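Fold and geometry: a report
Take a look at the letters that make up each chain.
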Protein chains: 2
Amino acid sequence: MSLRFEIKARMGLARLGVVHTPHGSFDTPAFMPVATAGAMKGLTPQQVRETGSQIILNNAYHLFLRPGHKRVEAFGGSHRFMRWDGPILTDSGGFQAFSMAQIRDINEDGVTFRSFIDGSRVHLGPESSMEVQNALGADIIMAFDDCPPAQGTLDDASYKSRVIEANDRTARWLERCIAAHKKPSDQSLFGIVQGGTDPDLRRRSVESICHFGLPGFAIGGVAVGETTASIRETVTLTAPLLPADKPRYLMGVGYERDIWSAVLAGVDMFDCVLPTRNGRNASVFSRTGPLRLRNAKYAEDHSVIDSDCDCEACAGGFSRGYIRHLFQAGEILGPVLASIHNIRHFQRLLLDIRAAIRDNLPLPFERRWPVVTQEACEGTEGAEIDPT
Amino acid sequence: MSLRFEIKARMGLARLGVVHTPHGSFDTPAFMPVATAGAMKGLTPQQVRETGSQIILNNAYHLFLRPGHKRVEAFGGSHRFMRWDGPILTDSGGFQAFSMAQIRDINEDGVTFRSFIDGSRVHLGPESSMEVQNALGADIIMAFDDCPPAQGTLDDASYKSRVIEANDRTARWLERCIAAHKKPSDQSLFGIVQGGTDPDLRRRSVESICHFGLPGFAIGGVAVGETTASIRETVTLTAPLLPADKPRYLMGVGYERDIWSAVLAGVDMFDCVLPTRNGRNASVFSRTGPLRLRNAKYAEDHSVIDSDCDCEACAGGFSRGYIRHLFQAGEILGPVLASIHNIRHFQRLLLDIRAAIRDNLPLPFERRWPVVTQEACEGTEGAEIDPT
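Scoring rules and cut-offs
- Throughout, residues of each chain are indexed from 1 in the direction in which the sequence is written.
- Chains and ligands are labelled by the order in which they are written, letters from A for the one and numbers from 1 for the other.
- With the structure being a predicted model, the display of local features is reserved for residues of pLDDT at least 70 and the display and counting of side-chain atom pairs for 80 or more, all residues being used for whole-chain, interface and lining totals.
- Pairing between two strands is assigned when DSSP locates at least 2 bridges connecting them.
- By the criteria applied, helices consist of DSSP H or I runs no shorter than four residues and strands consist of E runs no shorter than two, each listed in order from the N terminus.
- Axis definition: a line fitted to C-alpha atoms, over the contacting stretch in the case of helices. Angles run 0 to 180 degrees between N-to-C directions.
- A residue is called partly exposed when the number of other C-beta atoms within 10 Å of its own lies between 12 and 20, exposed at 12 or fewer, and buried at 20 or more, with C-beta atoms placed from the backbone.
- Each direction from the helix axis to a C-beta atom contributes to the arc, which is the arc of those directions.
- Here, residues touch in the contact sense if the C-beta positions derived from the backbone fall within 7 Å of one another.
- Structurally, a nonpolar core is described as a collection of buried Ala, Val, Leu, Ile, Met, Phe, Trp, Tyr and Cys residues joined by way of C-beta atoms within 7 Å.
- Bear in mind that the domain bounds are from an automatic or database domain assignment.
- Put simply, Ala, Val, Leu, Ile, Met, Phe, Trp, Tyr, Cys and Pro go in the nonpolar bin, Asp, Glu, Lys and Arg in the charged bin, and everything else, Gly too, in the polar bin.

1. Concerning the sheet that holds strand β9 (residues 121-124) of chain B
All names here are of chain B.
- The three strands are arranged β7-β8-β9 in an open sheet whose pairing can be described as antiparallel. Both outer strands of the open sheet, β7 (102-107) and β9, are each paired with one neighbouring strand and no more. Strand-to-strand twist in this sheet, taken as the mean axis angle between neighbours without regard to direction, amounts to 20°.

Laid out in structure tokens, this is it:
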């Protein structure tokens, strides 16, 4: 087995642990920032490490399309290609193929879609996703799953039948992923539970996925457009059903409070593009809530983003007014500093969460971290949205 | 006097020295990378320092227009605004106003032009340039001079009369700059010699400028469109005429060989946007000549930009293929790594030059550094050209 999970402490359902991989260890609960195309925006791997990030995520979909998984493999895999020597997780490409691409066809074989780069016809399925992820060489790789659209885009009956279809297909595809996975001794394959917002379908998906003896399991199909309350209900229901001795990964979530409530339900791993995507658009997180630094009121603001923060931007004394100037002038140091701060903000949240579990002292969340929801951040993203 | 220049060694006309300023010292011959709008592209000040840069340049013109010199002053000046605690030099804004702007009017008062930001009518002259540079607070500030266009844009007689006008006006403006300069004990004002490509007019400009007892002098009006040979002739003629005990600064030059020949003529300071401008466009310098990393032939190139280089990009093992991928994918880490490398390339050239003077051993230039000219780099710059 290429992965070992040690649980060091518990507080209710929450767990403090360490995951050991072929490229080193990371503490859990863990936040993984997203290096979509093999780069964390303008940050060097050294700067990423200085944010306290121990494991990062690459998007198989992006690297598959450009520069191509075979080419990355020829460079020695993702680790050597991007000069990150710590643990890496790749997603399967399924979520991006379902959500970003102009889909041409979904069937039992997988998904056929148009490349966002050149419009060419591309196919991804369980076997090709494993081939791509085996070539990229991440320590943790994800099953290729069927991601149904969020409730609300379909009527109730259509939604339910689509989720049932996705559940069944995800289980069949997982079996094919396991068979196609060529490097189980180097790369740990995680299964993904679907089930949408329906508690019964979630339970059935857990049953169909978790009987495979995999090194970890993920909750998929959340944060695809539901309300914060609905995400929370689904996670609170699902996490405790996953094998207790394996890392549990909640995909694509989320804001500070969402992470905390998921940890309390027993989730161990998180990823989210918020730090870098918002950072690129001058939206920064702070202990007192998000700031949109392009706002004119920051032009003469001499204070740092968050006086409580120890990131390279805040500890370095870069003022809100200066960072606003960088964005106004189109200087790429703006997105660099904002992304450094935002990633560190999330890593500090996770440090607090891990300390709370270790000391068995629930985090005084409202005092120390803002209650931020999608709604509170609305409009923080500019026209330029990352294709993830 | 806010500036002290120590000459430590000589080799022919070349000098090895140290310039002491209120924000620390820098070794000469010195190369100053250009942080146009108060940022060195995506590099943090720490990364700039790690390239071996000891002094950087800000463009008064850009900071005057955005965010405004008064605002930068309210932040404590350029040093505190951009968190660079070493020496800074600001240009006067004149060169940019003459070369970039839609000029509305040039007369004895100065230049009236349209702002590149909002098209508004803006004026810069000797007094306002001093006001702007006093507010920015750089250690070395530049006289506001009249920069005539390059020969070739005018017939010979018109060119000569325009250069004579520029010479005379530059001398009158220098007197007004000296009178308007409010902080001579903190900021050292350098005079600028004009004279175009005419040896006699160069000599006359030196006479009219250098009798002012200023802490340093610059050679202006070169690299404004002349041939490499013409730049070299002008510099070789002019540099030895400048006061021997003051730092001599050749503005806006240039490629590796241009710098070396200017050092041999007695120049001490250089600035150029080439490292960052070319870096942003995937054009990188190396000991064997420039590489254009967007070229498909680098897609599978596992070697670093320059195996002989110790910069964060090369020593960090980032391959040409990876950096090319970053540019293809629009990842800002591409320009960051290319700029880091390019700045370090120039700082290593200056380290070699300083060692050659110290040891009185002329640099085996052809063996160690490429003979690169404007022509050899043609086409390395993309459509997006920095407004400097």
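2. Focus on the pairing of strand β3 (residues 24-28) of chain B
Residues and elements named next belong to chain B.
- Pairing of strand β2 (residues 14-21) with β3 involves five bridges; the strand directions are antiparallel. Residue pairing across strands places V19 opposite F26, the latter belonging to β3.
- In this structure, the hairpin formed by β2 and β3 is closed by a connection of two residues.

3. Brief notes about helix α9 (residues 228-238) of chain A
Residues and elements named next belong to chain A.
- Turning to α9, its buried residues number three or more, namely I231, R232, T234, V235 and T238. Along the long axis of α9, the arc covered by the buried residues comes to 165°, so they all point the same way.
- Its buried side turned inward, α9 meets β11 (188-193), α8 (199-210), β12 (216-219), β13 (248-250) and α10 (256-264).

4. Concerning the sheet that holds β3(B)
Residue and element names in this part refer to chain B.
- Strand order in this open sheet of three strands is β1-β2-β3, and the pairing throughout is antiparallel. The open sheet has two edge strands with one neighbour each: β1 (4-11) and β3. Within the sheet, the average angular offset between the axes of one strand and its neighbour, ignoring direction, is 15°.
- Relative to β2, β1 runs antiparallel, the two sharing seven bridges. Residue pairing for β2: A9 is matched across the bridge by L16.

5. Concerning the nonpolar core
- In terms of nonpolar packing, the biggest core is built from 234 residues, with A:F190, A:L250, B:F190 and B:L250 touching the most fellow members.
- Leave out the neighbours within four places in its chain, and B:L250 touches B:I219, B:V222, B:V235, B:A262, B:V267 and B:F270.

6. A look at the domain arrangement of chain A
Residues and elements named next belong to chain A.
- Considered domain by domain, chain A is made up of domain 1 (4-272) and domain 2 (279-377).
- Between the C-alpha centres of domain 1 and domain 2 the distance comes to 26 Å.
- Between domain 1 and domain 2, the residue contacts involve 24 residues of the former and 29 residues of the latter.
- Contributions of two or more residues to the side of domain 1 that touches domain 2 are made by β1 (4-11), β2 (14-21), β4 (30-32), α1 (45-50) and α10.

7. Notes on the environment of A:V48
Residue and element names in this part refer to chain A.
- Mapped onto the elements of the fold, V48 is located in helix α1.
- A tally of 23 C-beta atoms within 10 Å means that V48 is categorised as buried.
- Taking the C-alpha atoms as reference points, V48 and I343, separated by 295 residues in sequence, lie 8.2 Å from one another.
- Look past the residues within four positions of V48 in its chain and what remains in contact with it is P33, M40, L43, S53 and I56.

8. Some details on the environment of B:T21
Residue and element names in this part refer to chain B.
- Looking at where T21 falls in the secondary structure, it is placed in strand β2.
- Overall, T21 belongs to the buried group, with 23 C-beta atoms counted inside 10 Å.
- Through-space distance from the C-alpha of T21 to that of A138 is 9.9 Å; in sequence the pair is 117 residues apart.
- For T21, the contacting residues outside a window of four places in its chain are S2, L3, P87, D139 and I140.

9. Quick notes on the interface of chain B and chain A
- Taken together, the contact between chain B and chain A spans 34 residues of the former and 34 residues of the latter.
- The element that contributes the greatest number of residues to the side of chain B that touches chain A is helix α13 (residues 320-328) of chain B, accounting for five residues.
- Across the side of chain B that touches chain A, the residue classes break down as 17 nonpolar, ten polar and seven charged.

10. Remarks on unusual backbone geometry
- The linkage connecting A:V253 with the following residue, A:G254, adopts the cis geometry, with an omega of 5°.
- When you line up the elements, A:G254 lands in the loop between β13 and α10.
- Cis geometry is found at the peptide bond from B:T28 to B:P29, where omega equals -5°.
- Checked against the element boundaries, B:P29 lands in the loop between β3 and β4 (30-32).
- At A:K41, a residue that is not glycine, the phi angle is positive and equals roughly 50°.
- Taking the C-beta count within 10 Å as the criterion, A:K41 has 28 such neighbours and is therefore assigned buried.
- At B:N360, a residue that is not glycine, the phi angle is positive and equals roughly 55°.
- If you trace the backbone, B:N360 turns up in the loop between α14 (333-359) and α15 (365-368).

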